Amino acid sequence: MVYKPEEAYDRGELRELQNERLRETVEHAYENVPFYRDKLDEKGITPDDINGVEDLRVLPMTTKEDFRDEYPDGLFAVDDEDIARLHASSGTTGKPKIVSYTQDDLDVWSEVVAQSLKASGANPGDTVQNAYGYGLFTGGLGLHYGVEELGATVIPIGSGGTQRQVELMTDLESDVFTCTPSYALYLAETAEEMGFDPAELPISTIIFGAEPCTDPMREEIEERLDVNGIDIYGLSEIIGPGVSCECHEAQDGLHIWEDHFYPEVIDPQTGEPVEEGEEGELVLTTLTKEALPVLRYRTGDLTTLNYDECECGRTMVRMDNVTGRSDDLLIVRGVNLYPSEIEHVVLDIDGVAPHYRIDLYKEGSLDIMELTVEKDLEFEGDEEELQSTILKRLSNVLQFTPDELDLVEPGGIERTEVGKVQRVYDHRE
Ligand code: DLL
């Protein structure tokens, strides 16, 4: 069941709405953001040249560097008195990206999150325990207001305090839990340590996002906690969580809320659009944002778009779950590898727990990769055999083996209770 009619619009009707909104967005950006005016002027384009999404390709792209260069508010399109809230994205290096919202933007955000929750199978009256961090990170407050908009009950517990999460969840009979995928697993472990069977916890849905989740990891979450795992995607520069979300009916790709965000997929090397159905970098244009309209934002996230009809009745395009970013690419002794490829191979092997880390070093001019993998609690087999299985599988699938493979005891890899998990440590710089 959809949250609002636009989700099931005929594609032609949707296109008209997008065309109209894109024209308004381009005009708004041109009139109010010197950065965009200069960019369009340089290309000799005026807002009148943009009739609809078929003209999108002539528009300039916006990058993370542009956000950095325009720090803190150079990309804002409204006066200070019209800004209702600021957030910042969790950059690991340098200045964060500051993002702003008018009250109308906040209303749109609540709407798309409510829509995402509905798609996940949540309903008014459900209790949603929100374990995303509150504060400058968009996860906590973004989910929070969406739950209220849906008419469900929110428990604003925030991240961390895992024992308390388990206690409250049982006492208050939470139906839905929202957190990062790595935290979902940590929750299961903590519940076990506390003497609970994670599968017996009251939650029936976990809405996870903010970091990649490969299929083996999702299976582990769903099995151990006996829940439906729903992937939610978003980024601060565009709005926060709620750009797209899986539907519980199909659980096969994340519906992008295309009445507010227009997606394209490009080849990250050339910047040219890929053929329909091919993987590439997701580029998003906001269609209704007032405080921070963004034209053709290069997200860095790798995905594929699928325009096939979905069994849930929504007509909005689906994106594949994001398991990597174009800038995650590791080049190790000339071999190109994404950490998600390693994860996919390793976590599929029996006896391996869904926790690992990759360390990269330089010895002289040589790249060295150390892979640390955790044994499963139930693993009782021969360690050498497990090691050789991992190496063989990596070599067969990726034509690559790490220089060192360490098997550690369950719990041997540090867990992330707050924020996003880090799995790759590059000590080469
Ligand atoms: O992570 C917003 C969010 C909060 C999304 C809660 C979902 C749930 P940022 O901190 O700006 O915003 O980080 C955005 O995180 O470009 C992706 O690389 C990654 N990311 C977000 N959602 C997913 C997901 C929030 N479902 C960056 N799968 C994005 C994989 C994700 N990666």
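Residues numbered from 1 in each chain as written. Predicted model: local features only at pLDDT ≥ 70, side-chain atom pairs only at ≥ 80, totals over all residues. Heavy atoms only, no water.

1. Considering the site of the ligand
Near the ligand there are 22 residues, and of these D231, I232, S236, D301 and K420 occur at the shortest range. At 3.1 Å, a backbone N or O of A210 approaches a nitrogen atom of the ligand. A distance of 2.6 Å separates an oxygen atom of the ligand from a polar side-chain atom of D301. Bound to the protein, the ligand loses 94% of the 610 Å² it would expose on its own. Listing elements by their share of the shell around the ligand, those giving two or more residues are α5 (138-150) and β7 (228-235). In terms of residues, the shell around the ligand owes the most to one element, β7, which gives five residues. When its residues are assigned to classes, the shell around the ligand shows nine nonpolar, seven polar and six charged. (Near = heavy atom within 4 Å. Polar contact = N/O pair within 3.5 Å; in protein donor to acceptor, adjacent residues only side chain to side chain. Areas by Shrake-Rupley, 256 points an atom, 1.4 Å probe, with all protein chains shown as cover. Helix = DSSP H or I, 4+ residues; strand = E, 2+ residues; numbered from the N terminus. Nonpolar A, V, L, I, M, F, W, Y, C, P; charged D, E, K, R; others polar.)

2. Structural notes on the layout of surface pockets
Approximately 580 Å³ is the volume found for the second largest pocket. Along its surface, the second largest pocket is lined by 26 residues, and E220, R224, A353, P354 and D376 are the ones closest to its centre. Contributions of two or more residues to the lining of the second largest pocket are made by α7 (181-193), α8 (215-225), β17 (352-363) and β18 (366-375). Classifying every residue of the lining of the second largest pocket gives nine nonpolar, three polar and 14 charged. Residues from two domains meet in the lining of the second largest pocket; each of domain 1 (1-325) and domain 2 (329-426) gives at least three. (1 Å grid on protein atoms, 1.4 Å probe; cavity = no way out; pocket = protein on both sides within 12 Å on 5 of 7 lines; lining within 4 Å. Points joined across faces, edges and corners; volume = space filled by probe spheres on them. Domains from an automatic or database assignment.)

3. Considerations on unusual backbone geometry
Generally, phi is negative for residues other than glycine and the peptide bonds are trans, each holding for most cases. A cis amide bond, omega -5°, links Y71 with the succeeding residue P72. Mapped onto the elements of the fold, P72 is located in the loop between α3 (64-69) and β1 (85-88). The phi torsion at D226 lies on the positive side, around 50°, for a residue other than glycine. Summarising the element assignment, D226 is placed in the loop between α8 and β7. The residue Q399 is not glycine, and still its phi comes out positive at about 50°. Relative to the elements of secondary structure, Q399 occurs in the loop between α10 (383-398) and β19 (404-408).

4. Regarding a negative patch on the surface
Taken together, the side chains of D10, E13, E16, E20, E24, E27, E31, D48 and D49 present a region of like negative charge at the surface. Following the sequence through the fold, E27 ends up in helix α1 (residues 11-32). (Patch = residues over 30% accessible without salt bridge, like charges linked within 9 Å, V, L, I, M, F, W, Y side chains within 5 Å. Salt bridge = Lys/Arg side-chain N within 4 Å of Asp/Glu carboxyl O. Lys, Arg positive; Asp, Glu negative; His and termini not counted. Charge placed at Lys NZ, Arg CZ, Asp CG, Glu CD.)

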